[in-house]
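This is what each chain is made of:
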Amino acid sequence: MNPILTRRQFTKAIGGLAAACAIPLAAKASAATAAASDAQGSAAKRVFPKGFVWGTATAAYQVEGAVKADGRGESIWDVYAHTPGRIVHGDTADVADDSYHRYPEDIALMRGLGVGAYRFSVAWPRIFPEGTGKPNAKGVDYYKRLVDALHAAGIEPYCTLYHWDLPEALQRKGGWQNRDTAKAFADYAGYMAGQLDGRVRHFMTMNEISTFIGNGYGSTSMAPGLGLKGQALEQARHYALLGHGLAVQAIRAATNAKTRVGSAEGINAAMPAFDAPEHVAAARKAAVEQNAGYLTAMHTGRYTDQYLKTLGADAPKFTADEMRIIGSKTDFQGLNIYTGDYYIAADNERGYEVVPFPSSYPNMQSSWIQFAPGAIYWGPKLMAEALGISDIYITENGTSSTAAPDSQGRVLDTDRVMFLQQYLAELQRGIADGAPVRGYFLWSLLDNFEWSRGFSERFGITYVDFATQKRTPKLSSQFYRGVIASNAI
Ligand code: GBH
C-alpha cells in the first residue's frame, strides 16, 4: 500500500521538475574549491569538510499522526490542538503526515536525497502513556523499527527525546512548573536511550527549551498555553533546564561509552550589524546574555550576574547542586537557526544594543523568519567562542514557502532554494573561518503540522497533499540533493 520509492523512481519524480538541470549523483568535490566546470553549475563551488553530516529533521507530533495507535497516551498538544481557536483553521495533528505508518516511504525519500542522517523525535506519550510508570512496549517497538529501517537505508538516526509533546497526565500535575517533571523526563529519557542503545549514537535531550517555555508557558501561542508571568515562569524555565541536565546523566548511565549526548536549542543568532571589531564584540556579549537562561547556563553551570540582576525578584530559586546538574557536560550542541538579530556596540552597562528590523527588512512567509543568512555564519562561531563549545550541529534550518503544485504538478519553491543557497554559503564560510559545525539538518523533510500555524505554513522540501498523503519532492529537494552529492555549495 505504501510502496517504497526506489532511487530511480525518486530521480524520475525529481527529474520531472527540470530535466535540463539534472544533477549527476556521482558529482564529487575534492579540492578546497571544486572546479568551475562542476556539472552542478557554472560557478566555482566551495566545499564542506570531509565527513560533514547532511540530514533532514522532523518531530514526532508534527509528522506521525496515529495519535491513538498502539497505546499512545494523550499529550498536551492533543489537548491544545483540539481546543477551539488555538490552531489556524482548526487543524489538528491527528493524522498529520501519517509517518507512523508511512515511514518506509519517508526513508525512501531520504535515500533519494542522499542524506546520511535523520533527526527525528520520540513521542514521550508513546513510551509512557501516563508520563511515568510502566513502559508501553508497542511504542518502543515502533522506534526500534524506524531506527532499524534507517540503518538498512544507510541513514544514521539522531534522536531527540522531547520535542514538546509532554504527556497530558504530567501537565495535570503542573507540567514543567513541577520539579517532579524534570525527574520524570530523566527517567523516560534514560529508559528510551537504553532501549535504543547501540542503534542510536546521538541523542538530544530537548528541543528548544526557549520556545516551549516562552510560547507554551510564557504566552498562550503553544501548548499548554498558560501565559504565566514573573517568578512562576522563571521557575518553570529552570525546571526544564534541570530536566535537561538530569536527562544527560540518565542517558549516559543507560548507554555505551560511544554514545554522544547533547540538546537542540533554538537561538535568534546574535549578528554584528556588519563585520567591524566593536560590533562583533557586541554580538559576542549579546550571544552570552540573550541565551543566559538556556545555552549559557547549560555550558557554564551558572546563571550570569546580569541575568539574575535583570530578573530581580522573579529570578528562579535554585541550588548549587541543581546548577551542577544543569551544567552536565555534553558532547555536542545542536543549534536551530532560522534567523538572527543585529547588534551594535553601545555605551551602556551591557556594551551592546539590539537593532530593531526596519519594516522594509525582507522576510520569508513566516513573519518571524527575517532573511538573515549571516545568522548561520555568526551564530555557531560566536556561541562556540563564547562558551567553548567544540562540536556543533545545525539541528534545524529552513523556511516556510507558499509554493504549491503548478499545472504540471511541480512545486517550484524558488524562495526556499534562494534561502537555502544563501544560508548554506554562509555556513560554509563560517566553517572555513573556524566554526566547529559538524553537520546540518534541513527542516524539514516534509510539509507537516506547523504547531499553532497548523498546515498553513509549509516547511518541507517535499510537498505533502494532506488529503491523499501524496508526497512530491519540491525544486528545493533537487537543489539539496546536489549540495549533498557534491558536498559543496
Ligand atoms: C522550530 O521552532 C521548531 O523546532 C520546529 O518544530 C518548527 O516546526 C520549526 O522551527 C519551524 O517553525 O508566532 O510570532 O510568536 C522555531 C522557533 C519559536 C519559531 C516560536 C516560531 C513563534 C513566533 N519558533 N516562534 S510567533
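Nothing here was measured: the structure is a model prediction, and the numbers come from that model.

> Explanation requested: the overall build of the protein in the structure shown.
The number of helices and strands found in the protein is 17 helices and 15 strands. A compact globule built from 489 residues would reach a C-alpha radius of gyration of about 23 Å, and the protein, at 22 Å, matches this within 12%. With the C-alpha coordinates of the protein rotated into their principal frame, the extents come out at 65 × 55 × 45 Å. By the burial criterion, 61% of the 489 residues in the protein qualify as buried.

> Hey, could you run me through the site of the ligand in this one?
Taken together, 15 residues lie around the ligand, and Gln 62, His 163, Asn 207, Glu 450 and Trp 451 are the ones closest in. Tyr 338 is positioned with one of its side-chain polar atoms (N or O) 3.1 Å from an oxygen atom of the ligand. Trp 451 places a side-chain nitrogen or oxygen 2.8 Å from an oxygen atom of the ligand. Isolated, the ligand exposes 580 Å² of accessible area, and the fraction of that covered by the protein chains is 76%.

> What's the story with the packing of aromatic side chains in this structure? I'm lost.
Centre-to-centre distance and the angle between the planes together describe a pair of aromatic rings. Evaluation of the coordinates by the stated rule reveals 47 aromatic pairs. Taking 4.6 Å as the distance between ring centres and 50° as the angle between the ring planes, the aromatic pair formed by Trp 77 and Trp 451 counts as tilted. One end of the pair, Trp 77, is in helix H3 (residues 76-81); the other, Trp 451, is in the loop between strand S13 (437-443) and strand S14 (462-465), with 374 residues separating them in the sequence. What makes Trp 77 buried here is its relative accessible area of 1%. Taking the relative accessible area as the measure of exposure, Trp 451 reaches 4% and is therefore buried. Members of the aromatic cluster, joined through ring pairs, are Tyr 61, Trp 77, Tyr 80, Trp 164, Phe 449, Trp 451, Phe 455 and Phe 466. The ring of Tyr 377 is capped by Arg 429, whose NZ or CZ atom sits 3.9 Å from the centre of that ring.

> When you look at the pairing of strand S4 (residues 117-121) in this model, what are you seeing that I'm missing?
Burial runs high along S4: five of the five residues are buried. Judged by which residues are buried, S4 turns out to be covered on both faces: Ala 117, Arg 119 and Ser 121 on one side and Tyr 118 and Phe 120 on the other are all buried. Judged from the three bridges that link them, strand S3 (residues 53-57) and S4 form a sheet pairing that is parallel. Each residue of the ladder has a partner; that of Ala 57, found in S4, is Arg 119.

> Help me understand the sheet that holds S13, please; the structure alone is not making it clear to me.
Note: strands within a sheet are paired through backbone hydrogen bonds, in either parallel or antiparallel orientation. Taken together, eight strands build a closed barrel; the order of strands is S3-S4-S5-S6-S7-S9-S12-S13 and the barrel is parallel. Within the sheet, the average angular offset between the axes of one strand and its neighbour, ignoring direction, is 25°. In this structure, strand S9 (residues 333-336) lies alongside strand S12 (residues 392-397), joined through four bridges in parallel fashion. What sits directly across from Gln 333, in S12, is Ile 392. Strands strand S5 (156-162), strand S6 (202-207) and strand S7 (260-266) of the sheet are contacted by helix H10 (residues 230-254), whose axis makes an angle of about 165° with S6. Helix H16 (residues 414-432) contacts S3, S12 and S13 of the sheet and is inclined by roughly 170° relative to S13.

> When you look at unusual backbone geometry in this model, what are you seeing that I'm missing?
Backbone torsion omega between Ala 223 and Pro 224 reads 0°, so that peptide bond is classified as cis. Along the chain, the position of Pro 224 falls in the loop between helix H9 (209-218) and H10. Although it is not a glycine, Asp 98 sits at a positive phi angle of roughly 50°. Mapped onto the elements, Asp 98 comes out in the loop between H3 and helix H4 (99-113). With a phi close to 85°, Trp 164 is a non-glycine residue in the positive phi region. Topologically, Trp 164 is positioned in the loop between S5 and helix H7 (168-171). A residue is classified by how much of its surface remains accessible, and Trp 164, at 5% relative accessible area, is buried.

> What is the right way to look at the layout of surface pockets in this model?
By rolling a water-sized probe across the atoms, one finds the places where empty space is left. Approximately 890 Å³ is the volume found for the largest pocket. Glu 208, Thr 211, Asn 215, Asn 268 and Trp 368 are the residues nearest the centre of the largest pocket, which is lined by 40 residues in total. Counting only elements with at least two residues in the lining of the largest pocket, the list comes to H9, strand S8 (269-272), helix H11 (277-290) and strand S10 (340-345). Residues of the lining of the largest pocket, tallied by class, amount to 17 nonpolar, 17 polar and six charged.

What counts and how
- Residues numbered from 1 in each chain as written.
- Predicted model: local features only at pLDDT ≥ 70, side-chain atom pairs only at ≥ 80, totals over all residues.
- Heavy atoms only, no water.
- Helix = DSSP H or I, 4+ residues; strand = E, 2+ residues; numbered from the N terminus.
- Rg over C-alpha atoms; globule rule 2.2 N^0.38 Å.
- Buried < 20%, exposed > 50% of the residue type's maximum accessible area, 1.4 Å probe, protein only.
- Near = heavy atom within 4 Å.
- Polar contact = N/O pair within 3.5 Å; in protein donor to acceptor, adjacent residues only side chain to side chain.
- Areas by Shrake-Rupley, 256 points an atom, 1.4 Å probe, with all protein chains shown as cover.
- Phe/Tyr/Trp six-rings, centres within 6.5 Å; stacked < 30°, edge-to-face > 60°.
- Lys NZ or Arg CZ within 6 Å of the ring centre and 35° of its normal.
- Pairing = 2+ DSSP bridges.
- Axes fitted to C-alpha atoms, helices over the stretch in contact; angles between N-to-C directions.
- Contact = heavy atoms within 4.5 Å.
- 1 Å grid on protein atoms, 1.4 Å probe; cavity = no way out; pocket = protein on both sides within 12 Å on 5 of 7 lines; lining within 4 Å.
- Points joined across faces, edges and corners; volume = space filled by probe spheres on them.
- Nonpolar A, V, L, I, M, F, W, Y, C, P; charged D, E, K, R; others polar.

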